[in-house]
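Residue strings, one per chain:
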Amino acid sequence: MTGETTDAKGIPRRSSIIKDGSRAGRERKKTVSFSRSLSERKISSAADCISAMMEGTEFRKVRSNSRVYQRYYLLESGLQALRWEPSKKESDKACIAVPSIREVRTGRNTETFRTNGVYDQISEDCAFSIIYGETYEALDLVANSAEVANVWVTGLRYLILYGKHAIDMMASSEDSLRLAWLAETFSSMVVSDGQGGGEVVGISLRSAVGLIRSVNPGVRSEKVEHRFKELHRVKERMNGDRVTKEEFIEVFHDLCTRPEIYFLLVQFSSNKEYLDTKDLMRFLEVEQGMAQVTEDTSLELIQSHEPSEEGRRQGCLSLDGFTRYLTSLECHLFDPEHSQVCQDMSQPLSHYYINSSHNTYLIEDQFKGPADITGYIRALKMGCRCVEVDVWDGPSDEPVVYTSHTLTSPVKFHCVLDVIGRFAFEASEFPLILCVENHCSPFQQRVMLQHLRRILGEKLYTKPLREGEVYLPSPNALRGKILLKGQKLEEGCGGAEGDVTDEDEGAEMCQRMKAGNSGEGAGEGLLKELSDLVTLCKSVRFTDFQMSFSIQKPWELCSFNETLALRCASERPGDFVNYNKRFLSRVYPSAMRIDSSNMNPQDLWKCGCQIVALNYQTPGLMMDLNIAWFRQNGNCGYVLRPAIMRQEVSYFSADTRDSVPGVSPQLLHVKVISGQNLPRPRGSGAKGDVVDPYVYVEIHGIPADCAERRTRTVMQNGDNPIFDESFEFQINLPELAMVRFVVLDDEFIGDEFIGQYTIPLECLQPGYRHIPLQSLMGEDLPYAMLFVHVALTNRRGGGKPYKRGLSVRKARRGRDYAALRDLGIKEVDEVFKMAGPQLKEATDLRENMQNSVAVFRELCGVSAVANLMQCVLALGSRVVGADGDPLMLFELREQYPSMEPQGPLPDVLRRVVSTYETMIQASRAVMELSDGVYDRILQIQTTAMKFHETLHSIAVKEGLKDRKVTRAVESFSWNITILKGQADLLKRAMTEVQENMKQVHYAALTSNLSKGVTGEATRPRRSLDTIQERATAPARGST
């Protein structure tokens, strides 16, 4: 299986250690290598790039009709022409004059690439195009690696910028900021080494190693020392314990330079050497999705991250400063907004997923492992909000906690309560559910009662629901409270009546161990005073959904064995989702999991199950998912479920393998760029310090979203392996999706785990981000990271890709409109039929606008994830005429910016203008017509909802029976979901238009393409959010 050929759909979930079954025919011999040749210089300047171009490179030249030619390209020594061979053309024609190059376009973003039959076989990261000549011809090339493509793109853009002065500029620059900083740093160390006077012979080897590790702490001391000694051997120096300034700079350059960050810097640098405040502003807005960015914002970042005093004084961010910024917490993949409670906490308790532990007292396996209070401490500190206590009669009339009929050791009940009382609200103020499995005799139940009242006291919540309440209180209303879950006597029962416990694991384990009845004291009766402490979480047995819908009360809670829960999820997914809209459900692992392994929580979360109990003592994929999932709301232990799982009238099936009705799918673009400081897998010693890493990107969610892709293996490089591979994933239910990055060491027998990071899709920050890797035990791996680029369609930092089938499947032709279902009830069906034309118009308005944006994006030659700001910025160099004046300008004084030619245009620019006008017309239609369509859809929805309460009786009057009645109710929910979803999508389209117009306005000012506002970009620039509202205000004043 490879990342290039594997279809993301239909791949089952895999364990955290993923094997690759396609390696049989590959050469497996591996050697140990501690360093690279000193001649293998890292690219960190334009001079490096141009030097490589002059040596020449082999590319594949792509032509129309699937034709691909192998050609050798090189830059002439005078830097004025690009030549290739062999060629059927005469030698003077097999070249392109550098001054004639208008732009260098990255990716597969020309018409030739898009229409060529080998489009899907070409890597986006290895492709680039040279646009040249008066007619905007394109030379479309594919490199053997993304790094080679980056070298040529960077070098050509430098030549375009400086033209015939390029040689002089390279000679004068030579990364002066870095050299000045390193010289200053070295000199300070010379003084501290006691070499302040007399002839300076350098600093000690130990000091030089420490100095480099102070800048790059992830590099090992042994490697730095080895590099210095190797350099001394090459130079035949005898005094190897001293390091000169030149040697220090050379080794620093080799070990602390990251070419992938240099290539990124030059994309945004106006001088191709460093970022000034305007360059940094553009990077933050265009790529990182930051709002309200000003030059002051850029200056603050420069002051915080630029290491050189000269750079800070000039307001410039060097390569080293840019690297520091990108590896800082500010560029973490995880959105810091989610580090605090950020969701509505006033919904009923049943509307949340609740972080839950199974047999919390166990710290190893289920059969012979010890019980210990540290299990509770660890779980509560991790934000767990539902812990379990199995209580049995103990010696000396003191109840104990353990699993009966196993070899697990007991712990005293009051010790468990002491720990719970102390740590219950250390990580979260929201309610803690204490699942008590009571197996005690009446006498020891009284002891339990005394301990509960004495230790937990006022923290216990004992108020019953008021008469008529149909939902549980909210987490906000229950802050600081502990809820007991357990058996409760029926009204009118006296003491010592009823069963002690109906639960689940205790009885189940007993049966499996064939140890007679389910425990000492079972059946001896439940103490009334203990029963009265249970108010909101009364344990009841689950029979079937029909009975639960009929008789179950909101404060009653069913516990499902893993096997039963999965059967319900498979056979009755819709009923399971609807059940969990009204009631809490708890799922616990099968008794067969005596090794304390874990079930996949997402198999139950997709059904809406709130409490999915996991064995916290067992690390791996399942705990990775659980820990990551609950981080999205400040790690408070509660996560609000998707709206489609909460709304009383909505349709969602947990086993859906297609798009979700009423939810707009998103396209996730992930580019795995590189890794840093990847450690050797724990326990691995066969290869010394060498690792051969590769990366899996996994999507976990509903069945329609589960997918995985992998990068190639980078041989013998754990320090800074370059992957440069891009993947796309369609996400049909974003609110329930998680992304997991797994780094493995490619081994012949079995691949070994290096590190992982898991994150909910909702917590992703777009743009260029670093990911801190974690061990199998969930601990951070020091300095180990992945560098990625992430974009989500229709969110900050990304745009909707053209012809990618986000609302229809790729194989479908034409437009697919949302379909409503017939109920078989005439008067209700008549109401829904009125919605047909409105839904069609809503879809047309939305997709006409989005498709016109996509066509405009294609003609601008940018990637599928680019927004309109990037489109207009990309036009900047292309619309400059021979005299240096722009061939077209934007008129920004109107509500919708218009594009006005300033004279005759070549065909390609005429198409751009025409497409832009089409986009503006479609955008204007959305703003002017959407409010009316939206109101009509909501009116139809309101009218239909009048039938909701009496729908069952109306169906019976119409002659429907049994399954047909059920189907009619289901179809009603489907239709209401469609109406709500399409109305919401239309509102989002209006917001999208406003944002698009704002971006065009801002980019036109930035690029000096605004009519009558020349020089605007040289003045202090305004933030995107501070542009006058008149430029983006909707036609009717709506938002």
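Small disclaimer: the values here were computed from a predicted structure and weren't measured.

Colleague: Which residues make up the overall build of the protein, and what values go with them?
Modeller: Scanning the protein from terminus to terminus reveals 29 helices and 30 strands. Per-residue burial over the protein gives 58% buried out of 1039 residues. Here the analysis covers contacts within the protein between residues at least 6 apart in sequence; of these, 71% occur between residues at least 24 apart. For the protein, the accessible area works out to roughly 43,400 Å², and carbon and sulfur atoms hold 50% of it.

Colleague: Let's hear about the pairing of strand 24 (residues 722-731): which residues, and what values?
Modeller: Most of strand 24 is tucked away, with seven of its ten residues classed as buried. Sheet topology note: the strand 21 (residues 666-676)/strand 24 ladder contains eight bridges and is antiparallel. By the bridge assignment, leucine 667 is partnered in strand 24 with glutamine 730.

Colleague: Explain unusual backbone geometry to me, using residue names and the numbers behind them.
Modeller: Glycine aside, residues mostly have negative phi, and peptide bonds are mostly found in the trans state. Despite not being glycine, asparagine 635 shows a phi value in the positive range, around 55°. On the accessibility criterion, asparagine 635 (26% relative accessible area) is partly exposed. We note that tyrosine 783 has phi near 65°; this positive angle belongs to a residue other than glycine. Looking at the element boundaries, tyrosine 783 is found in strand 28 (residues 780-792).

Colleague: Summarise the sheet that holds strand 7 (residues 137-142); cite the residues concerned and give the values.
Modeller: If you trace the seven strands from one edge of the open sheet to the other, you get 4-3-2-1-7-6-5, paired in antiparallel fashion. Looking at which strands have only one partner, the edges of the open sheet turn out to be strand 4 (95-97) and strand 5 (101-106). Averaged over all pairs of adjacent strands, the angle between strand axes in this sheet comes to 30°, irrespective of strand direction. The pairing of strand 2 (residues 68-75) with strand 3 (residues 81-85) spans four bridges and is classified as antiparallel. When the sheet's bridge partners are listed, tyrosine 73 is paired in strand 3 with tryptophan 84. Strand contacts of helix 1 (residues 46-55): strand 1 (57-62) and strand 2, with the helix running at about 120° to strand 2, the strand carrying the most contacts.

Colleague: Give me the lowdown on the pattern of salt bridges, citing residues and values where you can.
Modeller: Here the structure, examined in full by the defined rule, presents 34 salt bridges. In this structure, aspartate 254 engages arginine 227 in a salt bridge whose closest nitrogen and oxygen atoms are separated by 2.2 Å. Of the two residues, aspartate 254 sits in helix 8 (residues 245-256) while arginine 227 sits in helix 7 (residues 221-234), which places them 27 residues apart along the sequence. Look at aspartate 254 and you get buried, because its relative accessible area is 9%. Here arginine 446 and glutamate 529 are joined by a salt bridge, their closest N and O atoms 3.9 Å apart.

Colleague: Lay out the state of the cysteines with the relevant residues and their values.
Modeller: Counted according to the given criterion, the structure contains zero disulfides. You can see cysteine 607 has no disulfide; the closest cysteine sulfur is in cysteine 609, sitting 5.5 Å from it. A residue is classified by how much of its surface remains accessible, and cysteine 607, at 0% relative accessible area, is buried. Counting only cysteine sulfurs, cysteine 860 is the nearest neighbor of cysteine 871, a cysteine outside any disulfide, at a range of 4.5 Å. Look at cysteine 871 and you get buried, because its relative accessible area is 0%.

Colleague: Explain helix 10 (residues 277-286) to me, and be specific about the residues and the numbers.
Modeller: The α-helix advances 3.6 residues per turn, and as a result positions three or four apart in sequence lie on the same side. Across the ten residues of helix 10, eight count as buried, placing the element largely inside the fold. What helix 10 keeps buried is the set Thr277, Asp279, Leu280, Met281, Phe283, Leu284, Glu285 and Val286. Lining the buried residues of helix 10 we find helix 9 (259-268), helix 11 (295-305), helix 13 (319-326), strand 27 (767-774), helix 26 (868-878) and helix 29 (963-1006). Backbone nitrogen of lysine 278 and a side-chain oxygen of the N-cap are separated by 3.1 Å at the start of helix 10; the cap is aspartate 276.

Colleague: Before we move on, could you go through helix 3 (residues 146-162) and cite the residues and values that matter?
Modeller: Under the 1.5 Å per step criterion, the end-to-end length of helix 3 is 24 Å for 17 residues, consistent within 8% with the ideal 24 Å. Of the positions making up helix 3, those classed as buried are Ala146, Ala149, Val151, Trp152, Val153, Thr154, Gly155, Leu156, Tyr158, Leu159 and Tyr162. Positioned one or two residues after helix 3, glycine 163 has a phi angle of 55°, which is positive.

Colleague: Can you tell me about the packing of aromatic side chains, naming the residues and giving the values?
Modeller: The tally for this structure, following the rule as stated, stands at 34 aromatic pairs. Arranged with centres 6.3 Å apart and planes meeting at 25°, the rings of phenylalanine 283 and tyrosine 768 form a pair that is stacked. Remark: tyrosine 768 occurs in strand 27 and phenylalanine 283 occurs in helix 10; sequence separation between them is 485 residues. The residues phenylalanine 283 and tyrosine 768 share a single accessibility class, namely buried. Ring geometry for tyrosine 579 and phenylalanine 583: centres 5.2 Å apart, planes at 45°, overall tilted. Taken together, the ring pairs in this structure connect Phe542, Phe545, Phe549, Phe560, Phe576, Tyr579 and Phe583 into an aromatic cluster. Against the face of phenylalanine 334 rests arginine 631, its NZ or CZ located 4.2 Å from the ring centre. Sitting over the face of the ring of tyrosine 934, lysine 987 holds its NZ or CZ atom 4.8 Å from the ring centroid.

Colleague: Run through the nonpolar core, naming residues and quoting values.
Modeller: Core analysis: the largest hydrophobic core is formed by 131 residues, its most contacted members being Phe128, Phe283, Phe322, Leu326 and Phe856. Sort the elements by how many residues they give to this core and helix 29 lands first, with 18 residues. Once residues within four sequence positions are removed from consideration, phenylalanine 283 is found in contact with Leu264, Phe268, Gln288, Phe322, Tyr325, Leu326 and Tyr768.

Colleague: Tell me about the confidence of the model for the protein, and please be specific about residues and values.
Modeller: For the protein, per-residue confidence averages 84 on the pLDDT scale, and 84% of positions sit at 70 or higher. Strand 20 (residues 638-640) holds the highest mean pLDDT among the elements of the protein, 97, whereas helix 17 (residues 504-513) holds the lowest, 50. Counted against residues more than four places away or in other chains, residues 1-39, with its pLDDT under 50, gives 91 contacts. Note that residues 512-523 has pLDDT below 50 and, in this model, 23 contacts with residues that lie over four places away or in other chains.

Colleague: Tell me what's going on with the environment of asparagine 975, and back it up with residues and numbers.
Modeller: Along the chain, asparagine 975 turns up in helix 29. Looking at asparagine 975, the relative accessible area reads 0%, which means it is buried.

Colleague: Could you give me a rundown of the environment of alanine 854, with the residues and numbers involved?
Modeller: For alanine 854, the location among the structural elements is in helix 25 (residues 835-860). It is 9.6 Å that separates the C-alpha atoms of alanine 854 and leucine 868, two residues lying 14 residues apart in sequence.

Colleague: So what's going on with the packing of helix 24 (residues 826-833) against helix 25? Residues and values would help.
Modeller: Their axes nearest at 5 Å, the elements helix 24 and helix 25 cross at an angle of 30°. With respect to helix 25, the element helix 24 is oriented roughly parallel. Judged by residue contacts, Val831, Phe832 and Lys833 of helix 24 engage Ala835, Gly836 and Pro837 from helix 25. Grouping the constituent residues of the contact of helix 24 with helix 25 by class yields four nonpolar, one polar and one charged.

Reading the values: rules and limits
Residues numbered from 1 in each chain as written. Predicted model: local features only at pLDDT ≥ 70, side-chain atom pairs only at ≥ 80, totals over all residues. Heavy atoms only, no water. Helix = DSSP H or I, 4+ residues; strand = E, 2+ residues; numbered from the N terminus. Buried < 20%, exposed > 50% of the residue type's maximum accessible area, 1.4 Å probe, protein only. Contact = heavy atoms within 4.5 Å. Areas by Shrake-Rupley, 256 points an atom, 1.4 Å probe, with all protein chains shown as cover. Pairing = 2+ DSSP bridges. Axes fitted to C-alpha atoms, helices over the stretch in contact; angles between N-to-C directions. Salt bridge = Lys/Arg side-chain N within 4 Å of Asp/Glu carboxyl O. Disulfide = S-S within 2.5 Å. Polar contact = N/O pair within 3.5 Å; in protein donor to acceptor, adjacent residues only side chain to side chain. Expected span 1.5 Å × (residues − 1). Phe/Tyr/Trp six-rings, centres within 6.5 Å; stacked < 30°, edge-to-face > 60°. Lys NZ or Arg CZ within 6 Å of the ring centre and 35° of its normal. Core = buried A, V, L, I, M, F, W, Y, C linked by side-chain atoms within 4.5 Å. pLDDT = per-residue confidence, 0-100. Parallel < 35°, antiparallel > 145°, perpendicular 65-115°, else oblique. Nonpolar A, V, L, I, M, F, W, Y, C, P; charged D, E, K, R; others polar.

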